[in-house]
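Understanding the architecture of this molecule
Next come the chains, spelled out residue by residue.
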Amino acid sequence: MAVTTPRVCVIIAARNAARTIPVAIASALREPEVAEVVVVDDASTDDTQNVARAADDGSGRLKVMRLDVNHGPSFARNAAIKASVSPFISILDADDFFLEGRFRRLFASPDWDFAADNIMLIRDDAATDPTKVAAPSFAPEPQFLDFERFIEGNISRRRLLRGELGFLKPVISRAFLDRHGLRYDENLRLGEDYELYARAVARGARFKIIKSCGYGAIVRADSLSGRHRTQDLIPIVRGVAGDKLDALLRRAGIAAKQQVPPMRFLMPATSAATE
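Residues numbered from 1 in each chain as written. Predicted model: local features only at pLDDT ≥ 70, side-chain atom pairs only at ≥ 80, totals over all residues. Heavy atoms only, no water.

**Some remarks on the overall build of the protein chain**
Formally: Secondary structure is summarised from DSSP: a helix means a run of H or I of at least four residues, a strand means a run of E of at least two, and numbering begins at the N terminus for each. We call a residue buried when its accessible area falls under 20% of the maximum for its residue type, exposed when it is over 50%, and partly exposed in between, using a 1.4 Å probe and counting protein chains only. For the area figures, the Shrake-Rupley method with a 1.4 Å probe applies, and any residue is considered shielded solely by the protein chains shown.
When helices and strands are counted, the protein chain shows 10 helices and 10 strands. Burial statistics for the protein chain: of 275 residues in total, 52% are counted as buried. Total accessible area on the protein chain is roughly 12,100 Å²; 51% of this is exposed by carbon and sulfur atoms.

**Describing the packing of aromatic side chains**
The cut-off we apply is this: We call Phe, Tyr and Trp rings a pair once their centres come within 6.5 Å, taking the six-membered ring for Trp, and we label the pair stacked below 30 degrees between planes, edge-to-face above 60, and tilted otherwise. The criterion for a charge sitting over a ring is simple: Lys NZ or Arg CZ within 6 Å of the ring centre, and within 35 degrees of the ring normal.
As enumerated under the stated definition, the model contains 9 aromatic pairs in all. Ring plane angle 80° and centroid distance 6.1 Å describe the contact between Phe114 and Phe176, whose orientation is recorded as edge-to-face. Separated by 62 residues along the polypeptide, Phe114 in strand β6 (residues 114-123) and Phe176 in helix α6 (residues 174-180) bring together distant segments of the chain. Both residues of the pair, Phe114 and Phe176, belong to the buried class. Here Phe114 and Tyr197 contribute two aromatic rings whose centre-to-centre distance is 6.2 Å and whose plane-to-plane angle is 75°, an arrangement assigned as edge-to-face. Of this pair, Phe114 sits in strand β6 while Tyr197 sits in helix α7 (residues 192-202); the two residues are 83 residues apart in sequence, bridging distant segments of the chain. In terms of burial, Phe114 and Tyr197 fall into one category: buried. Taken together, the aromatic side chains of Phe114, Phe176, Tyr197 and Phe207 make up a single cluster linked through ring pairs. Arg77 extends its terminal NZ or CZ atom over the ring of Tyr184, reaching a point 5.2 Å from the ring centre.

**Comments concerning α7**
Burial within α7 is extensive, with 10 of its 11 residues counted as buried. Count one or two residues on from α7 and you reach Gly204, which has phi positive near 95°.

**Description of the pairing of strand β9 (residues 207-219)**
Short version of the rule: Paired strands are those between which DSSP finds at least two bridges.
Extensive coverage of β9 is indicated by the burial of 12 of its 13 residues. Sheet analysis places strand β5 (residues 97-98) next to β9, joined by 2 bridges and oriented antiparallel. Counted as the bridge partner of Phe98 is Tyr215 from β9. Alignment of β6 against β9, held across 9 bridges, turns out to be parallel. By the bridge assignment, Ile122 is partnered in β9 with Ile218.

**What about the pattern of salt bridges?**
We count it as follows: Salt bridges are counted wherever a side-chain nitrogen of Lys or Arg sits within 4 Å of a carboxyl oxygen of Asp or Glu.
Here the structure, examined in full by the defined rule, presents 12 salt bridges. In this structure, Arg77 engages Glu192 in a salt bridge whose closest nitrogen and oxygen atoms are separated by 3.6 Å. Taken together, the positions of Arg77 in helix α3 (residues 73-83) and Glu192 in helix α7 put the pair 115 residues apart, joining distant regions of the chain. Per residue, the accessibility class of Arg77 equals that of Glu192, and both read buried. With its nearest N and O atoms 2.6 Å apart, the salt bridge here joins Arg77 to Asp193. A residue pair is termed long-range when its members are at least 10 positions apart, and Arg77 in helix α3 and Asp193 in helix α7 qualify at 116 residues. A relative accessible area of 8% places Asp193 in the buried class.

**Quick look at the nonpolar core**
Defined as follows: As used here, the term nonpolar core means buried Ala, Val, Leu, Ile, Met, Phe, Trp, Tyr and Cys residues forming a set that is joined through side-chain atoms within 4.5 Å. Note on contacts: a residue pair is in contact if any heavy atoms of the two residues lie within 4.5 Å.
Counting 64 residues, the largest nonpolar core has Val10, Ile12 and Val39 as its most contacted members. In this structure Val10 touches Ala28, Val34, Glu36, Val37, Val38, Ser90, Leu92, Phe98 and Phe103, once residues within four positions along its chain are discounted. Core analysis: the second largest hydrophobic core is formed by 6 residues, Leu99, Ile122, Val133 and Ile218 among them.

**Section: the side chain of Asp42**
Worth spelling out the cut-off: Only four residue types enter the tally: Lys and Arg on the positive side, Asp and Glu on the negative side, with His and both chain ends excluded. Polar contacts here mean pairs of N or O atoms no more than 3.5 Å apart (in protein, one a potential hydrogen donor and the other a potential acceptor; neighbouring residues in sequence count only if both atoms are side-chain atoms).
Along the chain, the position of Asp42 falls in strand β2 (residues 34-42). Here Asp42 sits buried without a salt bridge, and the closest side chain of opposite charge, Arg189, lies 5.3 Å off (N-O distance). Only 2.8 Å separates the side chain of Asp42 from the backbone nitrogen of Gly72, close enough to count as a polar contact. For Asp42, the residues in contact, after removing those within four places along its chain, are Ala14, Arg15, Leu67, Val69, Asn70, His71, Gly72 and Pro73.

**Observations concerning the pairing of β2**
Selection criterion: Here the term right-handed applies to a crossover when the path leading from its first strand over the helix to its second strand runs clockwise, the strands being oriented away from the viewer.
When you tally the buried positions in β2, you get 8 out of 9 residues, the bulk of the element. Pairing of strand β1 (residues 8-14) with β2 involves 7 bridges; the strand directions are parallel. Across the sheet, the residue bridging to Cys9 is Glu36, located in β2. The handedness of the β1 to β2 crossover, carried by helix α1 (residues 21-29), is right-handed. By the bridge criterion, 6 bridges tie β2 to strand β3 (residues 62-67) in an arrangement that is parallel. Following the sheet pairing, Asp42 is matched in β3 by Leu67.

This is the structure:
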């Protein structure tokens, strides 16, 4: 299923991201498969809105929305989904970027509802120009996740680089979301991606992952995602997995009440999430 016409809407929920958002927007607009880039400024107190508008390439694909009250990423992403029309949705954090050719690789094989690739992690203090980062070369080797593998793939391991599947940023079929009435849970400000993916896979989503890197993540030592624990995600997924969750945790050697220490991202590297 090679993409010949633009069909992807890139959604960027942004708060106080004036320093980083130009790179994020530029990386999305350079991809020929991108038909829309929707930025939702979630009540920033800096100049995020104007900086985002200034990143427009003149193609007419960029839309910038502003919320007067901060509601969090779930609300902002849902607002962008409502304001867009493209059949595929791709989430991009305001301080991250796409590696060139990402969508071409993800759309190379058909028949999926979610399609994710690996993530290149780059430390915020690294002397690296993200616009010049080249993706490492991997054979794509598409795989599909079932529900149990997805849940098990989100349990952090001591002394290993963070690589849980919930960190991935898949391209999502709007038709699948609409068919199952799925949107981000606006009550969540932590684990909202993971919770949506879990509900989707539980409803039979064909979740494809490939090893190729297409998403660049700038890692900050104080980032919330870098510090959260498997324990933090247990209440989120319990509503999706029910009693099955305890069996999955026991199989992985982690009791539901066990305190798992925080694990942080490490050095610039490629995430092991899809390996």
